[in-house]
Structures are given as structure tokens and as C-alpha cells.
Amino acid sequence: MSDANTHQRSDAENELIELRDSARQVLGEQGLAASEDKVRPIVTDLGWLLVGVPEALNGLGQGVAGSCAFYAELGRSLAAVPYAAATIAIDAICHSGVADQQGLIERFTTGELVTASLAESAVTVSNNKISGTLSAVPSADKASHVLIANGEQVALLALKQPGVEITARKTWDETRRLFDLRLNNVALDSKLTLASGTAAQALSTRISTLRDFALVADAVGGAEALLEMTVEYLKTRKQFGRPLALFQALKHRCADLKMLVSSAEALLNDSLGRVGNQLDNANASNAAKATKLLACSVYARVAEESLQLHGGIGMTAEYPCHLYLKRALLNEHLGSGSYELDIADHFLSQNS
Amino acid sequence: MNSTVDSNALREEVRAWLAANVPKDWRKAMTGTDQDAFVSAQREWFNKLVAAGYATPHWPDGWPGGGRSLADQKIIYEETARADAPRLILFFVALYHSACTLMEWGTQEQKEKYLPGILKGEIWCQGFSEPNAGSDLASVKTRAELKGDRYVINGQKTWSTMAQYADKCLLLTRTGKSEPPQAGLTYLLLDMKAKGVSVRPISQITGDDEFAEIFFDDVEVSIEDRVGKDGEGWAVAQSTLSSERGLTLVELTQRMRYSLTKLADVIREGGRENDPAVRKDFGALIAKVNASCALADQYLLKRISGTEAAGDASIVKLNYARTLREFTKLGMSISGLQGQYFEDFTRGGSQETGNWTVDFMNSYNWSIAGGSDEIQRNIIAERMLLMPREPKNWQLI
């Protein structure tokens with residue numbers, strides 16, 4: 001009944017907590033859903049793109065958990081910045097054998113924008129030429145390069161060249177600017193090849209796994225912030241001479257949402273603890289998928305309920321309920337698609 | 001206090017012990033059996049665990065098996081789940097509720113009188129709930145009147161797990177005024193063989209009778225068997241209720257995760273491993289089960305590091321109850337009509353026995369007992385989200 005075990009925070013953990021707190025403060029000052037033009041310089045100037053970059057490559061060495069802390073903060077604030085896409089591409093560079101690794105990392109963390117698809121891509125490479133489509137690519141109009149990964153080939157591709165067609169796709173979610181890319185026999189630059197063969201397969205797994213975790217953390221941060229906002233609203237809004245927060249019918253719904261958000265957060269922590277920085281294997285990929293499925297459905301549920309709990313005002317453009325709702329709905333559909341089936345199949349194949 | 005090396009050594013030691021000692025085919029032996037056979041199997045398992053020191057890791061140093069850190073206790077529970085060992089249901093009240101309450105509140109004489117008996121296998125039951133004091137536990141009415149050096153008890157308790165087999169009872173009684181209801185409660189230790197005690201098992205929807213009602217007709221309890229002071233019963237009862245510190249849900253969530261293989265078996269046996277509808281439900285459930293495990297695990301880590309917040313325990317329990325319900329419902333759904341045919345049930349294991357309709361019915365134990373889902377939601381809303389409490393003086397309009 002006695003316990004001497006107390007958790008001592010490491011220096012790295014303390015550093016991350018400080019970084020995260022300062023990010024929350026800075027983003028708080030920008031207001032909800034701050035524009036890309038406003039937030040992107042902050043992200044670059046404050047070195048946030050270096051959070052997940054290993055120390056050996058002059059980054060902050062905070063690993064996947066560090067990146068997730070920032071995805072969550074940006075998710076809380078609904079910042080319209082292509083942070084996830086950029087860091088996924090930068091992470092791929094860090095874990096590749098590309099020739100000018102340090103030079104590329106420097107370019108893409110100091111102002112030049114690299115982006116990546118937030119969905120599954122359908123591209124094929126033959127004779128060193130790439131064709132096909134990439135969807136859900138954030139801020140492609142402002143990026144110099146995009147990350148390509150199809151399991152056989154991982155590369156960066158310059159966007160301003162013949163054969164690359166960029167089409168803006170307006171989404172209901174106004175906090176992301178997504179583009180479709182159509183590639184028609186675009187030559188790959190060998191200097192920008194990150195991996196091929198089996199290395200490309202492992203790196204492609206890493207990329208989709210990190211993408212899942214980015215969506216998870218965005219969802220957890222967003223869901224948490226939205227639930228806080230909703231509970232505060234219920235405490236102030238009065239009807240029938242009492243605050244809405246006094247009605248048990250509403251309290252219980254908030255409690256359920258809190259339980260769900262906590263479960264998503266716990267699963268994220270658990271998965272990050274299990275996989276560490278080893279994202280390029282089937283177990284990590286499966287853990288990320290289960291976490292993505294759970295967290296994004298929790299976010300959508302919180303957003304759906306929060307709008308209802310706000311009542312009429314939740315339907316107004318002025319109130320941010322809809323911004324969270326639209327981001328939550330989009331998050332559910334980003335990533336690789338058939339999560340439930342993949343998780344089930346992984347389990348059935350492992351335990352037969 | 002313990003290094004990781006020691007933890008790993010403990011894990012291996014417990015794992016090896018369980019591999020050698022978990023009764024083979026205990027599930028089969030405990031399926032379709034009567035309660036007496038269950039009780040004797042539980043006794044046998046209890047004696048083995050006590051002898052090995054694994055029944056009492058939470059007792060203080062100096063007691064057999066005692067003095068283990070919470071982190072070590074967690075390891076023992078995790079390994080118990082991993083080995084699919086029987087759960088020590090019949091002795092849980094004695095080992096946790098009674099022992100922890102006595103350790104915290106008992107006099108030296110009470111400890112000497114009762115704790116050795118627990119190690120010898122005395123069965124205890126809990127006399128807290130009453131027909132009109134369920135979720136609202138503070139409103140208990142069972143009366144204890146002090147006459148000289150004895151309390152005279154009259155009233156009724158209910159939902160007392162396995163009271164029909166109990167030797168002793170933790171009894172929450174009213175000795176004083178009922179305003180506020182938490183005041184005026186007194187905590188007593190009762191001998192179930194005392195004159196005037198009668199027990200009536202409650203027949204449940206599963207056909208089992210795990211619970212019982214207890215009736216008191218001028219039952220006498222010596223003042224020496226009072227725990228804490230007269231009127232201090234509510235505080236003592238809080239210690240009783242918080243004695244297991246989250247370990248049970250670590251064990252049960254882990255068991256739930258291992259039980260996913262049982263669902264996988266049903267899916268394969270039905271040739272439905274390519275059925276997208278089934279796979280979709282199964283995939284979604286796996287994610288939820290993993291989240292339940294993560295919540296219970298991280299809750300215990302918070303307790304170990306002393307960073308637990310109000311309401312954390314309610315989140316874990318509410319989440320487990322909801323996930324368990326979904327789990328058993330999916331089992332029923334996949335079993336189809338076959339699952340609706342009566343089958344003998346299994347006693348003493350995980351909540352997911354593979355007899356899905358019984359498992360579904362039993363899942364209500366977790367959403368009703370030990371603080372219903374609704375009570376947990378109140379706690380989460382009021383203590384974590386700081387939403388206001390219900391006004392006290394209500395009236396029908």
C-alpha cells in the first residue's frame with residue numbers, strides 16, 4: 001500500500017512541455033483559425049518545423065511524440081497552416097538516404113515550403129517518369145516540392161515544371177487549402193530520390209503512419225478545445241432561469257464526450273509509447289490506424305454534439321462550432337481509407 | 001524503489017508460476033457447474049495464490065506476500081490476465097475491501113482478530129446497498145442502536161455479492177440523524193452466523209444467483225467491532241470503495257483485449273473472415289478495446305506517480321462499461337440465432353466467456369454496480385468539467 005515510484009520528467013520531456021506551452025500561447029494570440037499567411041511565418045521563425053528532426057540533423061530531436069504535440073496545438077487552434085504536410089515530407093527526408101539531406105532539411109525548415117498528400121496517392125513510376133494523381137495536397141500553390149510515395153519509390157518532385165497540373169479543390173473545411181495534382185510523365189530527379197526498392201516500402205509505411213498520427217493529434221487537440229468551449233458555453237447560457245450546464249441531460253452528454261476524448265488521448269499516448277520512433281513496420285502502421293480510426297471518429301462525434309449543444313448559435317458562421325465540425329469531418333476522410341478493415345485483417349492474420 | 005530489472009524479474013517469476021499453477025481446463029470445469037463447485041474451486045485457487053504471495057501484494061510489509069509497490073501489483077494483475085487465470089471473485093471483498101479498510105481504520109485488536117482469518121480463506125461480503133440506497137448510498141436506513149456495549153441492528157441490505165457464502169460482512173448502518181445523510185453513519189464488522197441474520201439469494205436474469213439480500217432482526221454487534229468512530233462510517237466506507245486503486249480495470253481491460261481472439265475464432269468458424277460488414281465492426285471494436293486498455297493502464301500510472309485527478313477513475317470505468325457492452329453485443333451479433341439458444345455459462349473468468357448472450361447480460365454488472373454509468377457521468381461532469389450540481393431542493397411541477 002506504499003509507493004515509492006514517482007515519475008521523474010526527463011529533460012527532453014520538460015523541453016517539449018515548454019515548447020508546447022509556448023506554442024499554445026503564440027497560437028492563442030493569433031485567434032482561432034488564423035490564416036496561412038499569418039501562421040506560416042510563425043511556424044518557420046519559431047523553429048516548429050524542426051521539432052521532429054533528429055538532433056544529429058540539427059533538429060530538436062523530439063521525435064514523433066514531439067511532432068504530435070504540435071499537431072495537437074495546431075488542431076486546437078484550427079490554424080490554417082500546412083504543418084502536417086510539410087513535416088511529413090521533412091521527416092521522410094530525415095529518414096532517407098538522399099544525397100543532400102542536410103541541405104534539403106535546411107531549405108524546407110527555413111522558408112521554402114514542401115508539401116505532401118494527406119490521402120492515399122495513385123501514382124506509378126516507369127522509366128523514371130511518374131504519372132498519376134495525388135489528392136488532398138495542402139498549399140500546393142505555395143510549395144516548391146511535393147513528396148511522392150507509392151511503396152516502390154519515394155521522392156521529392158518539383159511542382160513548377162511541365163507535366164504537373166495543380167487544381168485547387170475548395171473544401172467545406174476552410175482551415176485547409178487542398179489541391180489535386182495531376183502528373184503526366186514527369187521526370188524524377190535522381191538527386192531528389194529519397195528511397196527505392198525495399199527501402200521505399202519501409203519509408204512509405206513510415207510516411208503513412210506519421211500521417212495517421214498527425215491526423216490523430218489534430219483530432220485530439222481539436223476535440224479537446226471544442227469540448228472545453230462547449231462546456232463553457234453551457235455554463236454561461238441561461239434558459240428557464242438556470243444555466244444549461246445544470247441540466248443533467250446535457251451534463252451526461254458532455255461527460256460521455258469527455259470520456260471519449262480521454263480515450264482517444266490515452267490511445268495516442270499508448271501507441272506513441274509502443275512505437276517510439278520506429279514507424280516503418282506493420283505493427284506501428286496498425287497501431288496508428290487503430291488510433292486514427294478512434295480519434296477521428298471521436299472528434300467527429302464531439303463536433304456533431306457540440307453544434308447541437310450550442311443550439312441555434314452553433315449554426316451561425318460567426319461561431320466556430322462549424323469550423324471544428326468541418327475539420328473533423330475532413331479528418332475522418334483523410335488518410336488511407338479502409339481503416340476498420342485493415343485493423344480487422346491485421347488482427348485476423350496475426351492471431352490465426 | 002524497484003528498478004526495471006526487478007520488474008522484469010517479477011514479471012517472469014509470476015508468468016512462470018502461473019504457467020505451472022493455473023488449473024488446466026478450469027473453464028471447462030466451471031461451465032455448467034453449480035455454485036458449490038465454484039466455491040470450492042475458488043478456495044483451492046485462493047489457497048495456491050496465498051501460499052505463493054500473489055493474493056496479498058497490496059498488504060503492508062510484514063504480512064505474507066505484502067509490501068509490493070503498486071507498479072508490482074500491476075504486473076501481477078497483467079500476468080493474471082495474460083495467463084487467463086480464474087479471477088478470485090469470491091475473495092475480492094475480503095482481500096481488498098476488508099483488509100484495506102482494516103489496515104487504514106482498524107485498531108490493533110481488530111487487525112489481529114480479522115486479518116489472519118482472511119488469509120485462511122474467510123469469505124467476506126459487503127453490506128452497503130439497500131433497496132432504497134443504491135446510487136444514493138448515503139441514504140442507508142439499516143438501523144444500529146447502541147445499547148450498552150452492543151449495537152442492535154435492524155434492516156435490510158441488498159446486492160451483496162455471494163453473501164450466501166460469507167463468513168463476515170462489512171456493514172454500513174445508520175446510528176444518528178439523517179441530515180446531512182453522510183453524517184450519522186457507522187461502520188460495523190458483522191459475523192454472518194450471528195443470531196437474527198438471514199440471507200436470501202437473488203435470482204438473476206442469467207439464471208445465476210451471485211447476489212443476495214441480507215436481513216437483520218435484532219442482530220447484536222459488539223462495540224469492539226465498530227470501525228472508526230460512531231458517525232464516521234461514510235469516511236470509512238470511502239476507503240473501502242477506493243481500496244482496489246484501479247487494478248481491477250487494468251486486469252479486466254487486458255482480459256478484454258486477449259478475448260478479442262475469441263471473437264476472431266467465431267468469425268473464422270462462421271467463415272466470415274472476408275465479410276466486410278463483420279470485419280468493419282470488428283476493426284472498430286479492436287480500436288475501442290485498445291483505447292480501454294490504454295485508459296486503464298495510464299490511470300494506474302497516474303496513481304503510481306500521484307498525479308490522479310478527480311474524475312479520472314470514473315472515465316476509466318464508464319469507458320470500460322461501454323466498450324464491454326459493445327464487445328458482447330458484437331459477439332451476439334456475429335453468433336446470430338445460434339447465440340440465442342441456451343448454453344451453460346462459465347463462472348469465474350473474464351467478462352467475455354464466448355457465451356455471448358450471457359456475457360451481454362452480465363455486462364450490465366459493469367454499467368450498474370460500483371457506481372452506475374449515470375453516477376460516473378455525474379462525477380465527470382461535476383468534478384472534471386466543473387458543471388454545476390443539481391439544486392438540492394427539488395419539487396415536482
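Residues numbered from 1 in each chain as written. Chains lettered and ligands numbered in written order. Predicted model: local features only at pLDDT ≥ 70, side-chain atom pairs only at ≥ 80, totals over all residues.

## Focus: the interface of chain B and chain A
So, step 1. Contacts between the two partners involve 41 residues from chain B and, on the opposite side, 39 residues from chain A.
So, step 2. Considering only residue class, the side of chain B that touches chain A consists of 24 nonpolar, 9 polar and 8 charged. (Contact = placed C-beta atoms within 7 Å. Nonpolar A, V, L, I, M, F, W, Y, C, P; charged D, E, K, R; others polar.)

## Overview of the nonpolar core
So, step 1. If you look at the biggest cluster of nonpolar residues, it comprises 222 residues, and the most contacted ones within it are Ala89, Val146, Ala219 and Ala264 of chain A.
So, step 2. At 18 residues, the largest contribution of residues to this core is made by helix 6 (residues 198–236) of chain A.
So, step 3. With near-sequence residues (within four places) excluded, Ala264 of chain A lies in contact with Ala219, Val220, Ala223, Leu294, Ala295 and Val298 of chain A together with Ala291 of chain B. (Core = buried A, V, L, I, M, F, W, Y, C linked by C-beta atoms within 7 Å. Buried ≥ 20, exposed ≤ 12 C-beta atoms within 10 Å, placed from the backbone. Helix = DSSP H or I, 4+ residues; strand = E, 2+ residues; numbered from the N terminus.)

## So, the packing of helix 6 of chain A against helix 8 (residues 282–310) of chain A
Residue and element names in this part refer to chain A.
So, step 1. Here helix 6 crosses helix 8 at 25°, and the two axes come no closer than 8 Å. Classified by the angle between their axes, helix 6 and helix 8 sit roughly parallel to one another. When the axes of helix 6 and helix 8 are compared, the crossing they make is left-handed.
So, step 2. A class-by-class count of the residues in the contact of helix 6 with helix 8 yields 19 nonpolar, 9 polar and 3 charged. (Axes fitted to C-alpha atoms, helices over the stretch in contact; angles between N-to-C directions. Parallel < 35°, antiparallel > 145°, perpendicular 65-115°, else oblique. Left-handed = near helix turned anticlockwise from the far one by under 90°.)

## Quick notes on helix 4 (residues 70–82) of chain B
Residues and elements named next belong to chain B.
So, step 1. In a regular helix each residue adds 1.5 Å, so 13 residues correspond to 18 Å; helix 4 covers 18 Å between its end C-alpha atoms and thus fits that length.
So, step 2. Where burial is concerned, most of helix 4 is hidden: 11 out of the 13 residues are buried.
So, step 3. Every buried residue belonging to helix 4 is among Leu70, Ala71, Asp72, Gln73, Lys74, Ile75, Ile76, Tyr77, Glu79, Thr80 and Ala81, and all of these are buried.
So, step 4. Count one or two residues on from helix 4 and you reach Asp84, which has phi positive near 50°. (Expected span 1.5 Å × (residues − 1).)

## Observations regarding the environment of Leu57 of chain A
All names here are of chain A.
So, step 1. For Leu57, the location among the structural elements is in the loop between helix 2 (36–45) and helix 3 (63–77).
So, step 2. Take Leu57: there are 17 C-beta atoms within 10 Å of it, and that puts it in the partly exposed class.
So, step 3. Between the C-alpha atoms of Leu57 and Arg274, which are 217 residues apart in sequence, the distance is 24 Å.
So, step 4. Apart from residues no more than four positions distant in its own chain, Leu57 is found in contact with Cys94, Gln101, Gln102 and Ile105.

## Let's talk about the sheet that holds strand 6 (residues 164–169) of chain A
All names here are of chain A.
So, step 1. An order of 2-3-7-6 is seen for the 4 strands of this open sheet, with the pairing classed as antiparallel. Looking at the sheet topology across the chains shown, the edges are occupied by strand 2 (122–126) and strand 6. Ignoring which end each strand starts from, the neighbouring axes of this sheet average 15° apart.
So, step 2. Across 6 bridges, strand 6 lies against strand 7 (residues 178–187) in antiparallel orientation. Bridging across to strand 7, Ala168 finds its partner in Phe179. (Pairing = 2+ DSSP bridges.)

## Focus: the domain arrangement of chain B
So, step 1. In terms of domain boundaries, chain B breaks down into domain 1 (4–87), domain 2 (124–232) and domain 3 (247–384).
So, step 2. Each of domain 1 of chain B and domain 2 of chain B has a C-alpha centre, and these two points are 30 Å apart. (Domains from an automatic or database assignment.)

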